[in-house]
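Residues per chain, in single letters:
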Amino acid sequence: MKKIEAIIQPSRFDAVKEALHEVGVDGMTVSEVRGHGRQKGHTEVYRGSEYTVDLLPKVKLEMVVPDRMADAAVQAILKTAKTGKIGDGKIFLTHVDDAIRIRNEERGDAAL
Amino acid sequence: MRRLFLGLLLGTLLISGLTAAPACAQSTDSQGAAAGSASSSASLQEQVGKLQQQVADARSSGDNAWMLVCAALVLMMTGPGLALFYGGLVRKKNVLGTMMQSFILLAIVTVLWALFGYSLVFHSGTRFIGNLGYLFLHGVGAAPNPDYAATIPQETFMVYQLMFAIITPALITGAFAERMKFSAMVVFMILWTLLVYDPMAHMVWGKGGLLNATLGGVIPTLDFAGGTVVHITSGVSALVCALYLGKRLGYPHEPMPPHSVVLSFIGACLLWVGWFGFNAGSALAAGSLASSAFVATHFAAAAAALGWSAAEWLRNGKASVLGAISGAVAGLVAITPAAGFVGPMSALVIGLIAGVLCYLMVAKVKGRFGYDDSLDAFGVHGAGGTVGALLTGVFAVRAVNPIFKDAQGNALAVGLIDGNARQVINQFVGVVMAWVLAIVGTLVILKIVDVLVGLRVREEHEIQGLDLSQHGEEGYNLEV
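So, here's what we can say about the structure. Please read all numbers here as calculations on a predicted model, not as lab measurements.

## Let's talk about the overall build of chain A
Consideration 1: Within chain A one finds two helices and six strands.
Consideration 2: The N-to-C order of helical and strand elements in chain A reads β-α-β-β-β-β-α-β.
Consideration 3: The globule rule puts the C-alpha radius of gyration for 112 residues at 13 Å, and the 17 Å found for chain A is more than 25% above it.
Consideration 4: Seen through its C-alpha atoms, chain A measures out along the principal axes to roughly 60 × 25 × 20 Å.
Consideration 5: Counting only residues that meet the buried cut, chain A has 19% of its 112 residues in that class.
Consideration 6: Counting only contacts in chain A whose residues sit at least 6 apart along the sequence, the fraction spanning at least 24 positions is 72%.

## Remarks on the nonpolar core
Consideration 1: By size, the foremost hydrophobic cluster in this structure holds 148 residues, and its most contacted members are Ala300(B), Ala304(B), Ala338(B) and Ile350(B).
Consideration 2: For this core, the leading source of residues is helix α2 (residues 31–89) of chain B, giving 14 residues.
Consideration 3: Membership of the second largest hydrophobic core comes to 17 residues, among which are Val59(A), Val64(A), Val65(A) and Ala73(A).

## Side note on the interface of chain A and chain B
Consideration 1: Chain A puts six residues into the contact, and the matching count from chain B is twelve residues.
Consideration 2: Class assignment for the residues of the side of chain A that touches chain B results in three nonpolar, one polar and two charged.

## Things to note about the packing of helix α7 (residues 261–279) of chain B against helix α8 (residues 288–316) of chain B
Residue and element names in this part refer to chain B.
Consideration 1: Their axes nearest at 9 Å, the elements α7 and α8 cross at an angle of 145°. As α7 runs across α8, the sense of the crossing is right-handed. Together, Trp272, Trp275, Phe276 and Asn279 of α7 and Ala293, Phe294, Thr297 and Ala301 of α8 make up the contact between the two elements.
Consideration 2: Looking at the contact of α7 with α8, its residues break down into six nonpolar, two polar and no charged.

## Brief notes about the environment of Val109(B)
Residues and elements named next belong to chain B.
Consideration 1: Summarising the element assignment, valine 109 is placed in helix α3 (residues 95–122).
Consideration 2: Residue valine 109 is classed as buried on the basis of its 25 C-beta neighbours within 10 Å.
Consideration 3: Setting aside anything within four residues of it in sequence, one finds valine 109 in contact with Ala165, Ile166, Pro169 and Thr193.

## Describing the environment of Leu352(B)
All names here are of chain B.
Consideration 1: If you trace the backbone, leucine 352 turns up in helix α10 (residues 344–369).
Consideration 2: When the C-alpha positions of leucine 352 and leucine 306 are compared, they lie 7.2 Å apart, and in sequence the two are 46 residues distant.
Consideration 3: Filtering out sequence-adjacent residues up to four positions away, leucine 352 remains in contact with Ala303, Ala304 and Gly307.

## Focus: helix α1 (residues 13–22) of chain A
Residues and elements named next belong to chain A.
Consideration 1: If you check which residues of α1 are buried, you get Val16, Ala19 and Leu20. What you see down the axis of α1 is that its buried residues fit within an arc of 100°, all on one side. Seen from the buried face of α1, the exposed residues on the opposite side, beyond 90 degrees, are Asp14, Glu18, His21 and Glu22.
Consideration 2: Looking at the packing, one finds that the buried side of α1 touches β1 (2–8), β5 (56–65) and α2 (67–81).
Consideration 3: Of the residues one or two after α1, glycine 24 is the one with positive phi, at around 100°.

## Observations regarding the sheet that holds β1(A)
All names here are of chain A.
Consideration 1: Pairing is antiparallel in the open sheet, where four strands are placed in the order β2-β5-β1-β6. If you trace the sheet from one side to the other, it starts and ends with β2 (29–35) and β6 (89–95), each paired once. For this sheet the average axis-to-axis angle between neighbouring strands, irrespective of direction, equals 20°.
Consideration 2: The sheet contact formed by β1 and β6 spans seven bridges and is antiparallel. Its bridge partner being in β6, glutamate 5 is matched across the sheet by phenylalanine 92.
Consideration 3: Along the sheet, α2 makes contact with β1, β5 and β6, crossing β1 at roughly 5°.

## Observations regarding unusual backbone geometry
Residues and elements named next belong to chain B.
Consideration 1: In the segment running from glycine 79 into proline 80, the intervening peptide bond is cis, with an omega of 10°.
Consideration 2: Mapped onto the elements of the fold, proline 80 is located in helix α2.
Consideration 3: A cis geometry characterises the amide bond from tyrosine 251 onward to proline 252, with omega recorded as 0°.
Consideration 4: Here proline 252 shows up in the loop between α6 (227–245) and α7.
Consideration 5: One non-glycine residue, leucine 284, lies in the positive phi region at around 60°.
Consideration 6: For leucine 284, the location among the structural elements is in the loop between α7 and α8.

Conventions and cut-offs
- Residues numbered from 1 in each chain as written.
- Chains lettered and ligands numbered in written order.
- Predicted model: local features only at pLDDT ≥ 70, side-chain atom pairs only at ≥ 80, totals over all residues.
- Helix = DSSP H or I, 4+ residues; strand = E, 2+ residues; numbered from the N terminus.
- Rg over C-alpha atoms; globule rule 2.2 N^0.38 Å.
- Buried ≥ 20, exposed ≤ 12 C-beta atoms within 10 Å, placed from the backbone.
- Contact = placed C-beta atoms within 7 Å.
- Core = buried A, V, L, I, M, F, W, Y, C linked by C-beta atoms within 7 Å.
- Nonpolar A, V, L, I, M, F, W, Y, C, P; charged D, E, K, R; others polar.
- Axes fitted to C-alpha atoms, helices over the stretch in contact; angles between N-to-C directions.
- Left-handed = near helix turned anticlockwise from the far one by under 90°.
- Arc of directions from axis to C-beta.
- Pairing = 2+ DSSP bridges.

Right, dumping it as structure tokens:
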């Protein structure tokens, strides 16, 4: 099993979610987060005082998928989240030892 | 319509009365006819008198309706207008504390005004302060006070002027926002109303006041709706407060952007509308002078919004919403002393100058001197009020308001462009008086309050925010 963590532009979220459903990803956890990578923030000016806003709003998706599905899921995110501009975000992949469904204690791929 | 009808009726009766008089003279040979004529002319006179009274009553009810609406409009400027304008400009942990500082003044100043404030300002007394003839509003009722407003009940005049006494101290709260103790602010404001506002208002507007333009002043200063009394006193006191209290923790390194320009936007628009009550209402009647002041007020606000926006656009490459609304307020401040004295084109010029000047005050001058006038009470009200008071001496004309008259009742020149250069000097003296009184008075009061209760909140309370530390509540409980 692989855990996929993707941090994307909020405006691309709906497209990414749809593409993931199409390749068979059934569940995900989504949070609204703030952060920055290489993208610099923007400046705001209030009555002549300048403020630099460097933490920008992003959407973070987390999902755990069977190994065979991981590539398709990553491709789906790449295709839909990319605008080609700085600030498009990142994808992180990690190996997951096990998964347990709390309701009936199923384990492994069956629990996903 | 009613007034026109009564006028026509009165005219007809006067004419019939005049034709009746010669008829009476011609019929002296007949005793009975003469007696009949005399009694009918007496009853005619009685009728004319009654009609004159009805005309006066109609005028009074028209003026009174307008003035009561204006009083309500000026109240709306403080709450919600100023409370929203200032509330949006602070960080969200201080939104309630800031709104409360305006709101509590509605209550405090009203009680002070009822007990003795009105008397200290508007009863005749010394050159500097009124005496206690109207203590507890004694004798202030339905009868007009012809010295100030001959056509409305003095009670209306009293409550209208009260609204000015409320908003003036509320303006100061912008300078010490986000760091003053609520208790200290309450004590400060009680003393400030007593020691700064009441004397200044008496000097400019009270009968026999030093700077009064028509009621026996020594140096006739023009201040239609409160450029010196309201905006200079509050703006300069604000600067003194900002310097005395010191900067907010973290200023200017930590970002302190407004938490909601949307709230400020609503507040500024309410201020603009309320200002018609403030300025046009200062005509104290529903006549043509009110129209003239209304137009001047509106034009200055528009020109100043454009002036500030243009200056900001040139310097930053963008015209901000906060800039546009701040500019409008600056224009309204500057036109306040001039509203009932200047024509519409002069109002545009005054507004434009105020918009650009106040922008430079808050964007350049404040940064250079490094004082933390948090919400720019000095930059907008102190600077705008000063330039407005001085320009009133330049642009006032007798065609708008023939306030100065010679012994024969002919209108004399009023401002510089009208041919009275001296008025600029008089305005300057008025401005200096207001500055000195505000600086000295505020310093003394701050010292007293500092010793009595301490001015600033504790450091951890400042970090926590005024809403929780001073009032035990939060402005936004969005997760609930």
